[in-house]
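Breakdown of the fold
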Amino acid sequence: MLSSVRPRVAGWQDALAIAVVLTAIVLLGAGAREMFAPLDYARPGAISLAPTALPLYTLRTLLRMLAALVVSSVFTFIYATAAAKSRRAELVLIPLLDVLQSVPVLGYLSFTVVFFVSAFPGSELGPELAAIFAIFTSQAWNMAFSFYQSLRMVPRDLDEASRSFRSSAWQRFWHLEVPFAIPGLVWNIMMSVSGGWFFVVASEAITVGNVQIALPGVGSYVARAIEERDLGAVGWAIVAMSAAIVLYDQLLFRPLVAWSERFRFEQTAAQVVPRSWAGMLFGRSRLFQALHAHLAPRLQRVAGARLEWPSLPGRRSLAPFPRRLGDGLWLLVIAVVVGYLVWEFWRFARASLTWDDVGVAVASGALTLARVVLLVALASIIWVPIGIAIGLRPRLTAIIQPMAQFLAAFPANLLFPLAVYLIVRFGLAPAVWLSPLMILGTQWYILFNVIAGASAFPSDLREAAASFRVRSLRWWTNVILPGVFPYFVTGAITASGGAWNASIVSEVVSWGTTRLDAGGLGAYITRMTEAGDYPRIALGVAVMSAIVVAMNRLLWRPLYAFAERRTRLE
């Protein structure tokens, strides 16, 4: 009996998996060591345009984006969960998320780079943390919105079934809510990382007034190549970024997409299951199978613990009168805090600003608002039907996903020199023809969210619609568009916020000494940032935040509430 048991001998899968892991650890260690190197701000190191420098630069950029992604994931689980679980916390956290999303990367860098540099004097860690924080701001808001939307859209019948089994809040969170949110969150993680590539140049080549720091990375490499009008260096940067995007796709996103399919809300078996060679490699490795067998039971015990959430403000169990009284006090506290912040801003800016400055900022904001509305509407018309067509076909999704991931991650900044050349060559109006650059990187938020919604659309509902012969216009208006509508709203919100953010790099575009200014609020903030004019930077950021919050309150939030009320899967 015992002689028939074959020993578990390590195979080639184990050797290859261990080689991949060890290589990743060595590269992470080498890149992390460089982040703690000393830095002389008086004589910073120059960025080399030699192609041989690109591998190390690419590694440094990948590490910054990975660090920002880890922080964004932790932020998403904490922030979005608090907003979804507490009605009063939601009154603060969601408008605050609107504001945070609307603040451009340069707005964060203008105030955070000094803090991080002063916190770690003489060390490259300060600028590194400033760059990571800037990339974090281009990733976290989209992920938080996606997770919040999913937590609010959990089908009631599943929630009631979980409660009937007397699951604790902690158990419902890990056994129901997180699995339900995983498919949409994975697609938004991909989109968030792609959005981070768009702002790599701004986060690595930092210029705020007299402070100029160029961190070794692909972004600073691109910034210097554009400054010196070196098309060859731009080409090498495209090659390096393409290799980095492929590595991210194959080693991270493909396994995540394949893993997330097991959490789809289905009552029938999926016809096509995505696969990943990296996931299959580690899944077949006996060493990692043993590691999984050792860790999985412990993680399951943690997720299955009968814990309850701490008492958050706004629990539904409160009595009507105390609840109304508590709401009033809570809103009063919010009003006091907002009033204090407005007063502090006024004290900070009143010595330098005039009402003419406010008028200029508001007029610039109105111009950018018109561009954002038009571009988001056009992107929705184009990408919603395409995203539905892709998401409903798993085989097509497996083919299109890496292509869409590459296009989304490809920094549109590299196309700016071509835009400058064409505008100058044909005498075009920069105010018109620079506008499409705002949506090049953010249109993918709509596409990826619609693909996620169509991919998560239950197969049994599609089969029911087919059995009742619901076709053509009725199928679009009564079946699929309501099914993906919550995902579209999430994508449109983040695309709109991303377009506002992208305005800082697309309304003012340079190629060598040629500089085009399209006007608008993004151009205003860019000019003030380059001049180190902090009061007017704060004014531009405040106007942008006010417009974005008003747009979200008047347009996107009503649509969000409608989606939650009328298009929830039940």
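Residues numbered from 1 in each chain as written. Predicted model: local features only at pLDDT ≥ 70, side-chain atom pairs only at ≥ 80, totals over all residues. Heavy atoms only, no water.

**A look at the overall build of the protein chain**
What counts here: Strands here are runs of E lasting at least two residues and helices are runs of H or I lasting at least four, both read from the DSSP assignment and numbered beginning at the N terminus. Think of it in three bands: residues with accessible area under 20% of the maximum for their type are buried, residues over 50% are exposed, and the middle band is partly exposed, with areas taken using a 1.4 Å probe on protein chains only. We call two residues contacting when some pair of their heavy atoms lies within 4.5 Å. Here, Shrake-Rupley sampling with a 1.4 Å probe gives the accessible areas, and only protein chains in the shown set may cover a residue.
Scanning the protein chain from terminus to terminus reveals 23 helices and four strands. Across the 570 residues in the protein chain, those meeting the buried criterion constitute 51%. Excluding contacts between residues fewer than 6 apart, the proportion of contacts in the protein chain whose partners are at least 24 apart in sequence is 83%. Total accessible area on the protein chain stands at roughly 27,300 Å², and carbon and sulfur atoms take up 68% of it.

**A word on the packing of aromatic side chains**
To be explicit about the condition: Between 30 and 60 degrees the pair is tilted, below 30 it is stacked and above 60 it is edge-to-face, where a pair is any two Phe, Tyr or Trp rings, Trp via its six-membered ring, whose centres lie within 6.5 Å.
Summed over all chains, the structure comprises 15 aromatic pairs. By the ring-pair criterion, three or more aromatic residues cluster together here, those being Phe75, Tyr79, Phe133, Phe136 and Trp141.

**Some points on a nonpolar patch on the surface**
This is how the line gets drawn: By definition, no residue in a patch forms a salt bridge, and every one has over 30% relative accessible area; like charges are joined within 9 Å, nonpolar side chains (Val, Leu, Ile, Met, Phe, Trp, Tyr) within 5 Å. The rule for a salt bridge is simple: a side-chain nitrogen of Lys or Arg has to be within 4 Å of a carboxyl oxygen of Asp or Glu.
Among the surface-exposed residues, Leu418, Tyr421, Leu422, Phe426, Leu428, Val432 and Trp433 lie close enough to one another that they form a single nonpolar patch of about 720 Å² accessible area. For the nonpolar patch, the secondary structure elements donating two or more residues are helix H16 (416–426) and helix H17 (430–433). With four residues, H16 is the single largest residue contributor to the nonpolar patch. Considering the arrangement of structural elements, one finds phenylalanine 426 in helix H16.

**What about the pattern of salt bridges?**
According to the stated counting rule, one finds eight salt bridges in the structure shown. Across the pair glutamate 177 and lysine 85 runs a salt bridge whose closest N-O atoms are separated by 2.5 Å. One end of the pair, glutamate 177, is in helix H7 (residues 169–198); the other, lysine 85, is in helix H2 (residues 54–85), and 92 residues separate them in sequence. In this structure glutamate 177 comes out as buried when scored by relative accessible area, which is 7%. Within the structure, one salt-bridge network assembled from shared partners comprises Arg60, Arg64 and Glu128.

**Things to note about the packing of H2 against helix H5 (residues 125–152)**
Between two packed helices, both the angle of their axes relative to each other and the distance between the axes serve to describe the pair. The test is simple: In this description, a line fitted to the C-alpha atoms serves as the axis of each element, helices being fitted only across the stretch in contact, and the angle between N-to-C directions of two axes falls anywhere from 0 to 180 degrees. Helix crossings are classified by the rotation of the near helix relative to the far one: an anticlockwise turn of less than a right angle makes the crossing left-handed, while a clockwise turn makes it right-handed. Amino acids outside the nonpolar list (Ala, Val, Leu, Ile, Met, Phe, Trp, Tyr, Cys, Pro) and the charged list (Asp, Glu, Lys, Arg) are all regarded as polar, and Gly is one of them.
At a minimum axis separation of 6 Å, H2 and H5 run at an interaxial angle of 40°. In this structure, H2 meets H5 at a crossing whose hand is right-handed. A per-class count over the contact of H2 with H5 returns 21 nonpolar, five polar and four charged.

**Comments concerning H5**
Stated formally: Between the first and last residue of a helix there are one fewer steps than residues, each counted as 1.5 Å, and that sum is the expected span. Each residue is assigned a bend, namely the angle between axes fitted to the seven residues that terminate at it and the seven residues that start at it.
End to end, H5 covers 39 Å across 28 residues, agreeing with the expected 40 Å (1.5 Å per residue, within 8%). At threonine 137, H5 shows its maximal kink, close to 30°. In terms of burial, H5 is a largely internal element, 26 of the 28 residues being buried.

**A few points about the nonpolar core**
To be explicit about the condition: Among the buried residues, those of types Ala, Val, Leu, Ile, Met, Phe, Trp, Tyr and Cys that are joined through side-chain atoms within 4.5 Å form a nonpolar core. These domain limits were set by an automatic method or by a database of domain assignments.
Within the largest apolar cluster, 131 residues are counted, with the highest numbers of intra-cluster contacts made by Trp197 and Ile446. No other element matches the 16 residues that helix H21 (residues 472–506) contributes to this core. Both domain 1 (42–90 + 118–264 + 273–310) and domain 2 (353–570) contribute no fewer than three residues apiece to this core. Core analysis: the next-biggest nonpolar cluster, separate from the first, contains seven residues, Ala130, Ala131, Ile213 and Leu215 among them.

**Overview of the environment of valine 508**
Turning to its location among the elements, valine 508 is positioned in strand S3 (residues 508–511). For the pair valine 508 and glycine 520, spaced twelve residues apart in sequence, the C-alpha to C-alpha distance is 9.3 Å. What valine 508 contacts, discounting residues up to four positions off in sequence, is Arg515, Leu516, Asp517, Ala523 and Thr526.

**Some thoughts on the side chain of glutamine 443**
Structurally, glutamine 443 can be placed in helix H19 (residues 443–456). With residues up to four places along the chain from it excluded, the contact list for glutamine 443 reads Ala379 and Trp383.

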